[in-house]
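# Overview (structure and organization)
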Amino acid sequence: MIAESGSLNGVIESKLVHVLTEGYKPSLPPWAMFLGGGQMFPQFFLFREIELMLIHPVVLNALSYYKGALAGADFEGPKGSDGQPKPISQNEVLADFVYSQCRRWWDRGVPKAQNGYEYGWIGLENLYSEVQGGQLDGLLQWEGCLDFHPRDCFLLTQDARPVGVRIKHVVPPDRRSPSDRDLWLAEGAIPAKGLWYVHRPRYNRFYGQSQLLGAWSSWRRLAWKDAAETVVDAGFYRQGYGGPIVGFPEEDLQAQSGTQNTTISPDGSQRRFARDEAREISQRAKSGSGVGLPSTCYPADLGGKPKWTFEWADTHFNGEPLLSYIAYLIKMVREGIGVPNELIEAAETGTGYSGRAIPLEGFLQKQQEIANALLNLFVEQVLKPLVLYNRAYFEQFGPLDFDVVVANLLET
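The notes below deal with the structure included here.

### So, the overall build of the protein
Each helix and strand in the protein was counted, giving 10 helices and 13 strands. Each of the 412 residues in the protein was classed as buried or not, and the buried ones make up 36%. Taking contacts inside the protein between residues at least 6 apart in sequence as the whole, the part at least 24 apart equals 63%. Total accessible area on the protein stands at roughly 24,500 Å², and carbon and sulfur atoms take up 54% of it.

### Re the packing of aromatic side chains
In the structure shown here, the tally under the stated rule is 18 aromatic pairs. An angle of 80 degrees between the planes, with centres 5.4 Å apart, marks the rings of W196 and Y207 as edge-to-face. One end of the pair, W196, is in strand β7 (residues 194-198); the other, Y207, is in the loop between β7 and α5 (216-223), and 11 residues separate them in sequence. Seen from their ring centres, Y325 and Y328 are 6.3 Å apart, and the 25 degrees between their planes marks the pair as stacked. Placement of the pair is Y325 and Y328 together in helix α8 (residues 320-337), with a separation of 3 residues, close to one helical turn. For Y325, a relative accessible area of 34% translates into the label partly exposed. In this structure Y328 comes out as partly exposed when scored by relative accessible area, which is 39%. Here the aromatic residues F47, Y119, W121, W196 and Y207 are joined through ring pairs into a cluster of three or more. Stacked on the ring of W224, the Lys or Arg R220 has its end atom at 4.4 Å from the ring centre.

### A word on the sheet that holds β7
Spatial strand order, β3-β2-β7: 3 strands in an open sheet with antiparallel pairing. Of all the strands in the sheet, just β3 (140-147) and β7 have a single pairing partner and so form its edges. Across the sheet, the axes of successive neighbouring strands diverge by a mean angle of 35 degrees, strand direction being ignored. In this structure, strand β2 (residues 121-130) lies alongside β7, joined through 5 bridges in antiparallel fashion. By the bridge assignment for β7, G123 is matched with W196. Set on the sheet, helix α4 (residues 92-113) makes contact with β2, β3 and β7; between it and β3 the angle comes to about 10 degrees.

### With respect to the environment of L253
Mapped onto the fold, L253 is located in strand β9 (residues 252-254). In this structure L253 comes out as partly exposed when scored by relative accessible area, which is 25%. Along the backbone, L253 and R275 are 22 residues apart, and their C-alpha atoms lie at a distance of 9.9 Å.

### Points about the environment of W105
Counting through the fold element by element, W105 comes out in helix α4. Relative accessible area serves as the criterion here: at 0%, W105 is assigned to the buried category. Sequence separation of W105 and F378 is 273 residues, and the distance between their C-alpha atoms is 7.7 Å. When sequence neighbours within four positions are dropped, the list of residues in contact with W105 reads V110, A113, L124, W142, L195, L374, L375 and F378.

### Thoughts on the sheet that holds strand β5 (residues 161-170)
Ordered by their spatial adjacency, 3 strands build an open sheet running β4-β5-β6, and the pairing between neighbours is antiparallel. Only two strands of the sheet have a single neighbouring strand rather than two, namely β4 (153-158) and β6 (179-184). Shown here is a sheet whose adjacent strand axes are inclined to one another by a mean of 35 degrees, direction ignored.

### A few points about the pattern of salt bridges
Counting across every chain of the model gives 15 salt bridges. The closest approach of N and O atoms between K193 and E125, which form a salt bridge, is 3.3 Å. In this pair, K193 is assigned in the loop between β6 and β7 and E125 in strand β2, connecting sequence segments 68 residues apart. Judged by relative accessible area, E125 falls into the buried class, the value being 18%. Between E380 and K384 there is a salt bridge; the shortest N-O distance is 3.0 Å. Remark: K384 and E380 occur in helix α9 (residues 352-389); sequence separation between them is 4 residues, near one turn of the helix.

### What about the side chain of H199?
Relative to the elements of secondary structure, H199 occurs in the loop between β7 and α5. Among the polar contacts made by the side chain of H199, one reaches the side chain of Y197 at a distance of 3.0 Å. Setting aside its immediate chain neighbours within four residues, H199 contacts Y66, G116, Y117, G120, G208, Q209, Q211 and I370.

### Considering the packing of helix α2 (residues 46-54) against α5
Put simply, α2 and α5 touch, their axes get as near as 12 Å, and they point 55 degrees apart. Considered as vectors, α2 and α5 are oriented oblique to each other. The crossing of α2 and α5 is left-handed. Residues L46, R48, E49, L52 and M53 of α2 lie in contact with α5, whose contacting residues are W216, W219 and R220. Across the contact of α2 with α5, the residue classes break down as 5 nonpolar, no polar and 3 charged.

### Here we look at the side chain of E49
Tracing the chain through its elements places E49 in helix α2. Within the structure, the side chain of E49 is placed 2.4 Å from the side chain of R220, a separation counted as a polar contact. Residue contacts for E49: discarding those within four places in its chain leaves W216, W219, R220 and W224.

How each quantity is defined
Residues numbered from 1 in each chain as written. Predicted model: local features only at pLDDT ≥ 70, side-chain atom pairs only at ≥ 80, totals over all residues. Heavy atoms only, no water. Helix = DSSP H or I, 4+ residues; strand = E, 2+ residues; numbered from the N terminus. Buried < 20%, exposed > 50% of the residue type's maximum accessible area, 1.4 Å probe, protein only. Contact = heavy atoms within 4.5 Å. Areas by Shrake-Rupley, 256 points an atom, 1.4 Å probe, with all protein chains shown as cover. Phe/Tyr/Trp six-rings, centres within 6.5 Å; stacked < 30°, edge-to-face > 60°. Lys NZ or Arg CZ within 6 Å of the ring centre and 35° of its normal. Pairing = 2+ DSSP bridges. Axes fitted to C-alpha atoms, helices over the stretch in contact; angles between N-to-C directions. Salt bridge = Lys/Arg side-chain N within 4 Å of Asp/Glu carboxyl O. Polar contact = N/O pair within 3.5 Å; in protein donor to acceptor, adjacent residues only side chain to side chain. Parallel < 35°, antiparallel > 145°, perpendicular 65-115°, else oblique. Left-handed = near helix turned anticlockwise from the far one by under 90°. Nonpolar A, V, L, I, M, F, W, Y, C, P; charged D, E, K, R; others polar.

The structure is reproduced here in structure tokens:
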């Protein structure tokens, strides 16, 4: 009975401990690919427009603000039941090494990993070096990393498990044509040569979502062809230069040989329509040049008024409603990227704590999740293997176990 129970427990344990859904690929229902009015959803357009979004000042500023939230992060051991952080490791030499490597990752690596915000993923190549001088002389350490365009990075899997990162379009000095280069993930005491960061994964373990997804629709209404910015530009152009109105007679004029837009009269001379001359006069006025018009008039029986007239069009224009609409779209872009507008501009309602601190708390709590993911990636793929690789040195000062977390961003 005991043997049967033990066997049964083993079967149950194997199902509880192991991932049974390895290799799952999320699907999207067809109706979710369309917006109102039959428009296609951003999944079909976003990737080809990300580079355009990134050169728009509102998008670039909001995304930089979003990335900058992690810049002041610090590191500590996990907090105990008393709320105070424990040491990163009982081995002080190891604790100092771990902290310094985390600090270096945050200064040199995280800004490059954050480029994965744009598409939802990114591949990195880790660089290592030997410590020169000091107590840790000769130890292998993480030095920095190289980043690549997300569209050139692909995750390599084996049996639905990540094993490496493939970088395309690599042209070695001794070759003329591009090739692929594979960077392998960590294995035991061998630190990872490649890193794979997934940003905002949604039902997917290997690929995430662009941080710009929520701003795509508002950005299009703001900056796309014939969108708000184009309309405002045209309106203010019209206000600054409302083209003149040139009156002309319904007749043709004698033209010099070689003049553009001329016709040949029955007697063989070149003639030009007064309409074409009037158009040229209106175009010349745009440069601020003087305008000379004939003073000839119609006969008295036809009214006696001048044959040629010139007047500036009425250019009264009120741009405030359009500018208010642009300001509204700018706020929508910021919100879509994930930056509460209250953090950038003064709150319209409420002051002090309710005006800024409450939105800041929610913003930083979401940033805390990203910070934890970035640190965990570095610890699992680089730090733990590095400690094992250098174990012969660290063992003489104490145990090799350590635990490091990102300190609460609200506090730092």
